[in-house]
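A closer look at the structure
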Amino acid sequence: MSALQLQTCERFIHAMGPMIYNPMQVERVLNYITTLQAEAPCQFSHTEMTDILASGIAQTRQGAGISHEELKKVTTSWL
């Protein structure tokens, strides 16, 4: 085991604290960690996200899009 792995294990056990004695809580934490591994990475790079944001801001300044009130009406239909 590498030094980094050992430090990580120690940090994990310390963070778990008294929960380490509760098998249900340990299982929940391990399940959560497993789901983190299954999540897909972001499909956009930092530069692409910055460009998307800049484009959205420019469109908003030009009056494109819908108003806040219209958006609220649309989102209420989703519920």
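Owing to the predicted nature of the structure, the values given are computational and were not obtained by experimental measurement. (Residues numbered from 1 in each chain as written. Predicted model: local features only at pLDDT ≥ 70, side-chain atom pairs only at ≥ 80, totals over all residues. Heavy atoms only, no water.)

1. So, the overall build of the protein
- Helix and strand counts for the protein stand at four helices and zero strands.
- Reading the helices (α) and strands (β) of the protein from amino to carboxyl end gives α-α-α-α.
- When the backbone C-alpha atoms are referred to their principal axes, the protein occupies close to 55 × 35 × 20 Å.
- For the protein, the residues scored as buried account for 3% of the 79 residues in total.
- Only carbon and sulfur atoms are counted for the fraction: they give 62% of the accessible area of the protein, which is about 7500 Å².
- Taken together, the 5 basic and 7 acidic charged side chains of the protein have centroids lying 10 Å from each other. (Helix = DSSP H or I, 4+ residues; strand = E, 2+ residues; numbered from the N terminus. Buried < 20%, exposed > 50% of the residue type's maximum accessible area, 1.4 Å probe, protein only. Areas by Shrake-Rupley, 256 points an atom, 1.4 Å probe, with all protein chains shown as cover. Lys, Arg positive; Asp, Glu negative; His and termini not counted. Charge placed at Lys NZ, Arg CZ, Asp CG, Glu CD.)

2. Quick look at helix α2 (residues 23-38)
- Taking 1.5 Å of rise per residue, the 16 residues of α2 would be expected to cover 22 Å, and the 23 Å separating its terminal C-alpha atoms lies within 8% of that figure.
- The N-capping residue of α2, defined by a side-chain oxygen 3.0 Å from the backbone nitrogen of Met24, is Asn22. (Expected span 1.5 Å × (residues − 1). Polar contact = N/O pair within 3.5 Å; in protein donor to acceptor, adjacent residues only side chain to side chain.)

3. Describing the environment of Leu71
- Residue placement: Leu71 occurs in helix α4 (residues 68-76).
- Owing to a relative accessible area of 40%, Leu71 belongs among the partly exposed residues under this scheme.
- In this structure the C-alpha to C-alpha distance between Leu71 and Glu27, which are 44 residues apart in sequence, comes to 41 Å.

4. Section: the environment of Thr75
- Considering the arrangement of structural elements, one finds Thr75 in helix α4.
- In this structure Thr75 comes out as partly exposed when scored by relative accessible area, which is 25%.
- Here the side chain of Thr75 touches Lys72 through a polar contact of 3.0 Å, landing on its backbone oxygen.

5. Observations regarding a nonpolar patch on the surface
- Taken together, the side chains of Leu30, Tyr32, Ile33 and Leu36 define a hydrophobic patch exposed on the protein surface, amounting to about 360 Å² of accessible area.
- Its place among the elements puts Ile33 in helix α2. (Patch = residues over 30% accessible without salt bridge, like charges linked within 9 Å, V, L, I, M, F, W, Y side chains within 5 Å. Salt bridge = Lys/Arg side-chain N within 4 Å of Asp/Glu carboxyl O.)

Honestly, it's all geometry; don't read function into it.
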